[in-house]
Amino acid sequence: QVQLVESGGGLVQAGGSLRLSCAASGSRFSINTMGWYRQAPGEQRELVAVISSGGVTDYADSVKGRFTISRDNAKNTVNLQMNSLKPEDTAVYYCHAKILELPGPLWYNYWGQGTQVTVSS
């Protein structure tokens, strides 16, 4: 069974930085896209950033220019560097990956347990 384990997060003042990391573990699997979502209290979960296996990235308009997503395919990890944080970035952040457990044939969505990011004003 594949698992996504997140690390990072915490409390930071507005204008500060945080780095989130997520590692996929298990046996015999292949990863397509990886990404980060977030959910604020009373809000729906929303896409923050996504990266393909080839390194193509996409960001929510609200984080463009401030957040950077990266991945290491050899280590099955994805990171989110968050700079110039704002109070409105406060949310639980979830790692996501589309994974094929060999021998397949179906790809499934996997989620991390979530990590809290709180930005104080």
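Just above sits the structure.
One structure accompanies this document, and this report is about it.

What counts, and at which threshold
Residues numbered from 1 in each chain as written. Predicted model: local features only at pLDDT ≥ 70, side-chain atom pairs only at ≥ 80, totals over all residues. Heavy atoms only, no water. Helix = DSSP H or I, 4+ residues; strand = E, 2+ residues; numbered from the N terminus. Rg over C-alpha atoms; globule rule 2.2 N^0.38 Å. Contact = heavy atoms within 4.5 Å. Areas by Shrake-Rupley, 256 points an atom, 1.4 Å probe, with all protein chains shown as cover. Lys, Arg positive; Asp, Glu negative; His and termini not counted. Charge placed at Lys NZ, Arg CZ, Asp CG, Glu CD. Phe/Tyr/Trp six-rings, centres within 6.5 Å; stacked < 30°, edge-to-face > 60°. Buried < 20%, exposed > 50% of the residue type's maximum accessible area, 1.4 Å probe, protein only. Lys NZ or Arg CZ within 6 Å of the ring centre and 35° of its normal. Pairing = 2+ DSSP bridges. Axes fitted to C-alpha atoms, helices over the stretch in contact; angles between N-to-C directions.

Details of the overall build of the protein
- Scanning the protein from N- to C-terminus turns up 0 helices and 11 strands.
- Overall, the protein shows an N-to-C arrangement of helices and strands of β-β-β-β-β-β-β-β-β-β-β.
- Its C-alpha atoms give the protein a radius of gyration of 14 Å, within 12% of the compact-globule value 14 Å for 121 residues.
- The principal-axis extents of the C-alpha atoms in the protein amount to approximately 50 × 25 × 20 Å.
- Of the contacts made within the protein by residues no fewer than 6 positions apart, 57% connect residues no fewer than 24 positions apart.
- Just so you have it, the protein exposes about 6,400 Å², and 48% of that area is on carbon and sulfur atoms.
- If you average the places of the 10 positive and of the 9 negative side-chain charges in the protein, the two averages end up 6 Å apart.

Focus: unusual backbone geometry
- Cis geometry marks the peptide bond from leucine 102 to proline 103; its omega dihedral reads 15°.
- As for its position among the elements, proline 103 is in the loop between strand E9 (91-101) and strand E10 (107-111).
- Of the consecutive residues glycine 104 and proline 105, the connecting peptide bond is found in the cis state with omega at 10°.
- Looking at where proline 105 falls in the secondary structure, it is placed in the loop between E9 and E10.
- The phi dihedral of asparagine 76 falls on the positive side, at around 55°, and the residue is not glycine.
- Here asparagine 76 shows up in the loop between strand E7 (67-72) and strand E8 (77-82).
- In this model, serine 84 sits at a positive phi of 50°, which is unusual for a non-glycine residue.

Examining the packing of aromatic side chains
- Summed over all chains, the structure comprises 1 aromatic pair.
- With a centroid separation of 5.0 Å and an interplanar angle of 70°, the aromatic rings of tyrosine 37 and tryptophan 111 are classed as edge-to-face. Of this pair, tyrosine 37 sits in strand E4 (residues 29-39) while tryptophan 111 sits in strand E10, and the two are 74 residues apart along the sequence.
- Residue tyrosine 37 is classed as partly exposed on the basis of its relative accessible area of 22%.
- When the ring centre of tyrosine 94 is taken as origin, the NZ or CZ atom of arginine 45, which lies over that ring, is 3.7 Å away.

Points about the sheet that holds E7
- Ordered in space as E1-E3-E8-E7, the 4 strands form an open sheet in which the pairing is antiparallel. Edge positions in the open sheet fall to strand E1 (3-7) and E7, since each of these has one partner strand only. This sheet shows a mean twist of 15° between the axes of neighbouring strands, independent of strand direction.
- Alignment of strand E3 (residues 18-25) against E8, held across 6 bridges, turns out to be antiparallel. Across the sheet, the residue bridging to arginine 19 is glutamine 81, located in E8.

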